[in-house]
Amino acid sequence: MLFLQVVSGSSCSIMNRKSQVQIHTKNCISKMSKQAAALLMMIIMFGSLPRKNGCPVVNSSSGTYHAGPVNELDANIFNFALNLEYLECEFFLGGVYGKGLDRFAANLTGGGPTPLGVRIANLDSQTRDIVQQFAFQEIGHIRIIRETVQEAIPRPLLDLRAETWAKFFDEAVGFRLNPPFDPYANSVNYVLAMYVVPYMGLTAYVGSNPNITSQAGKRLLAGLLGVESGQDAVIRYWLYERAQHKVYPYAFTVAEMTSFISNLRNCLGKTGIVDEGIIVPPQLGAEGKVSGNILSADANSLSYSRTPRETLRAVYSTGNESKPGGFYPQGANGFIARSYLHH
């Protein structure tokens, strides 16, 4: 029971009784201080709401982004991002179910080809739960981008075969691993492969931010970036807890493997350090004081960014935005990605 009493010539009492608010003086609000008036309005608002377990239930849609029109420039940027969202979604869905958008949301594929080689990963229950959540989050990302962009791209051909991942990890460590790296073999391998994916979307969104011009586009990018950043943080924390564990049957630790991956992407991007493992030399840690690097960030602890060129160089695994390969054997779709293929 909440009581508020204000005395100023006449008394005013507000009582929340079974969610009903009673106001006993008509001019009460005008005689209150601003703070008291604000509190009164909160009481009225929450007191009139339906309640569950004693707490007011607020319509969750009030904070939800609704697709709005974006201009052609913004549409091109989000179409480029769709390539990365498709990669994440198909890899995560496949790792949990062995099936992707063709099963769960075929209307979101845009008629694009079915991915190659994805299969169910041998995951422990907690890791499977995390991946499952990420997978359905990515469905939401693809849906809202397609609703926002009038002429959304079709899903590109994605190569998620174990052999493709093995080639990437061979290049990261600098020699052919024996046995070949298999991301679907166990939880550690799979999360190391996950380390490759959302961070590319994160840095691409940060790099796109200055170029977004519409209000709807800015709101959408902020919402997407928030979740991509959260996914990357969860992945890095999962790996950080196991930083000194060996990546069986190899001689490398988890921390060393993240450094190999980050170094490779820096090399492919050709623009210096925009990627760091979970353990770094102290001079690269926050304020130059720590080696733990649970979040990858620059000297001011701000997120790194990538241009579309730098992103394609890394996800193609060719170091050349004009030469498809890696996870995109036929190249990414959309005006931005396809424009580089003509160079």
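A short tour of the structure in this document, coming up. Just so we're clear, the structure is a prediction, and the values are computed from it rather than from any experiment.

**Some points on the overall build of the chain**
Right, on to step 1. In terms of regular secondary structure, the chain is built from 12 helices and five strands.
Right, on to step 2. Put simply, the chain has 343 residues, and 50% of those count as buried.
Right, on to step 3. Counted over contacts in the chain with a minimum sequence separation of 6, partners at least 24 positions apart contribute 67%.
Right, on to step 4. Within the structure as shown, the chain displays about 16800 Å² of accessible surface, and the carbon and sulfur contribution to it stands at 55%.

**A few points about the packing of aromatic side chains**
Right, on to step 1. Taken as a whole and judged by the stated rule, the model has 16 aromatic pairs.
Right, on to step 2. Centroid distance Phe92 to Phe134: 5.8 Å. Interplanar angle 55°. Geometry classified as tilted. Of this pair, Phe92 sits in helix α3 (residues 72-97) while Phe134 sits in helix α5 (residues 125-148), and the two are 42 residues apart along the sequence.
Right, on to step 3. In this structure Phe134 comes out as buried when scored by relative accessible area, which is 6%.
Right, on to step 4. Pairing Trp165 with Phe327 gives two aromatic rings, centres 4.6 Å apart and planes at 50°, and the pair type is tilted. Here Phe327 lies in the loop between α11 (308-315) and α12 (335-341) and Trp165 lies in helix α6 (residues 162-173), a separation of 162 residues in the sequence.
Right, on to step 5. Site record: aromatic cluster; members linked through ring pairs are Phe91, Phe92, Phe134, Trp165, Phe168, Phe169, Phe181, Tyr184, Tyr190 and Phe327.
Right, on to step 6. Directly above the ring of Tyr97 sits Arg128, whose terminal nitrogen or CZ lies 5.7 Å from the centroid.

Procedures and definitions
Residues numbered from 1 in each chain as written. Predicted model: local features only at pLDDT ≥ 70, side-chain atom pairs only at ≥ 80, totals over all residues. Heavy atoms only, no water. Helix = DSSP H or I, 4+ residues; strand = E, 2+ residues; numbered from the N terminus. Buried < 20%, exposed > 50% of the residue type's maximum accessible area, 1.4 Å probe, protein only. Contact = heavy atoms within 4.5 Å. Areas by Shrake-Rupley, 256 points an atom, 1.4 Å probe, with all protein chains shown as cover. Phe/Tyr/Trp six-rings, centres within 6.5 Å; stacked < 30°, edge-to-face > 60°. Lys NZ or Arg CZ within 6 Å of the ring centre and 35° of its normal.

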